[in-house]
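Observations on the model geometry
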Amino acid sequence: MYSLNVPVPGRVERLAADLLPELTAFDRIRDRHSLVCKRFEADEDGYHRLRERLRDALSPAPAFEATVTGIDAFETPTHGPGPVVYLAVESPGLYDLHARLVEAFGAVDDDLEGEAYVPHVTLARGGDAAAVHDALVRLRGTDSDPVTWTVSELDLWSRTRREAAWTVSLPRP
């Protein structure tokens, strides 16, 4: 399984680190942050074919802006334990790229992709319902400045290898 991810800048990492004290009620806290653009069903043997298809699908895909606009949660996530607390991301360019890739490759999961796609950076998930609820109330009330950056590269992440297998640069318009 692969995913095409938007690397997040240091400012987003620092924001996630600043929120860490509020995440202790959750069972699993992410220490590695990224923003999924599209998931792909391909095993390691299909990597080269996937990369070539992606190269075609991404050409030409210009750099685009993305903005962390606040904190939200999936109370009942599609997969895995909930709730999932995340940094909400707004980006018309990311939505456009995601739609283009879904059109080219199909949706891996209709509940996560296509019309249901919600760009986000996961912070934490799961935990004692009452403690997590209280943490979510505090987190949603957190006032932070939006973080905007230019997305100029994408990483093809290998779930098996737990690393970026390929990085593609996006030209600035």
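Everything discussed here concerns the structure shown above.
Residues numbered from 1 in each chain as written. Predicted model: local features only at pLDDT ≥ 70, side-chain atom pairs only at ≥ 80, totals over all residues. Heavy atoms only, no water.

**A few points about the packing of aromatic side chains**
Centre-to-centre distance and the angle between the planes together describe a pair of aromatic rings. This model, assessed by the stated rule, comprises four aromatic pairs. One cation-aromatic arrangement involves Lys 38 over Phe 40; the distance from NZ or CZ to the ring centre is 5.1 Å. Positioned over the ring face of Tyr 47 is Arg 161, at 5.5 Å from the centre of the ring. (Phe/Tyr/Trp six-rings, centres within 6.5 Å; stacked < 30°, edge-to-face > 60°. Lys NZ or Arg CZ within 6 Å of the ring centre and 35° of its normal.)

**A look at a positive patch on the surface**
On the surface, Arg 28, Arg 30, Arg 32, Arg 159 and Arg 162 cluster together into a positively charged patch. With respect to the helices and strands, the residue Arg 28 is situated in strand 2 (residues 26-29). Assessed through its relative accessible area of 48%, Arg 28 is described here as partly exposed. (Patch = residues over 30% accessible without salt bridge, like charges linked within 9 Å, V, L, I, M, F, W, Y side chains within 5 Å. Areas by Shrake-Rupley, 256 points an atom, 1.4 Å probe, with all protein chains shown as cover. Salt bridge = Lys/Arg side-chain N within 4 Å of Asp/Glu carboxyl O. Lys, Arg positive; Asp, Glu negative; His and termini not counted. Charge placed at Lys NZ, Arg CZ, Asp CG, Glu CD. Helix = DSSP H or I, 4+ residues; strand = E, 2+ residues; numbered from the N terminus. Buried < 20%, exposed > 50% of the residue type's maximum accessible area, 1.4 Å probe, protein only.)

**Some details on the nonpolar core**
Soluble globular proteins tend to bury their nonpolar side chains together. Among the nonpolar cores identified, the biggest contains 50 residues, and Leu 54 and Trp 149 are the most heavily contacted of them. With five residues, the single largest contributor to this core is strand 4 (residues 64-74). If near-sequence neighbours (up to four positions away) are discounted, Trp 149 is found in contact with Val 6, Pro 7, Val 8, Pro 9, Arg 11, Val 12, Leu 35, Phe 64, Glu 65, Ala 66, Thr 67 and Val 68. (Core = buried A, V, L, I, M, F, W, Y, C linked by side-chain atoms within 4.5 Å. Contact = heavy atoms within 4.5 Å.)

**Let's talk about helix 2 (residues 47-57)**
An α-helical turn contains 3.6 residues, so any two residues separated by three or four positions project in the same direction. Regarding helix 2, the residues found buried are Tyr 47, Leu 50, Leu 54 and Ala 57. On an axial view of helix 2, the arc spanned by its buried residues comes to 90 degrees, and they lie on one face. Of the exposed residues in helix 2, those oriented more than 90 degrees away from the buried face are His 48, Arg 49 and Asp 56. On its buried face, helix 2 sits against strand 1 (2-7), strand 3 (34-40), helix 3 (92-105), strand 8 (153-158) and strand 9 (163-169). (Arc of directions from axis to C-beta.)

**Focus: the sheet that holds strand 1**
Neighbouring strands of a sheet are bound in pairs by backbone hydrogen bonds; such pairs are parallel or else antiparallel. The sheet built from four strands is open, its strands ordered 3-1-8-9 with antiparallel pairing. The open sheet has two edge strands with one neighbour each: strand 3 and strand 9. Pairwise comparison of adjacent strand axes, ignoring direction, gives a mean angle of 30 degrees for this sheet. Relative to strand 8, strand 1 runs antiparallel, the two being bridged by four bridges. Looking at strand 8, one finds that Tyr 2 is bridged to Ser 158. Seen against the sheet, helix 2 touches strand 1, strand 3, strand 8 and strand 9 and runs at an angle of roughly 25 degrees to strand 9. (Pairing = 2+ DSSP bridges. Axes fitted to C-alpha atoms, helices over the stretch in contact; angles between N-to-C directions.)

**Some thoughts on the side chain of Arg 125**
Mapped onto the elements, Arg 125 comes out in strand 6 (residues 120-127). Buried and unpaired, Arg 125 has Asp 27 as its nearest opposite-charge partner, separated by 8.8 Å. Among the polar contacts listed, one links the side chain of Arg 125 to the backbone oxygen of His 79, at a separation of 2.6 Å. (Polar contact = N/O pair within 3.5 Å; in protein donor to acceptor, adjacent residues only side chain to side chain.)

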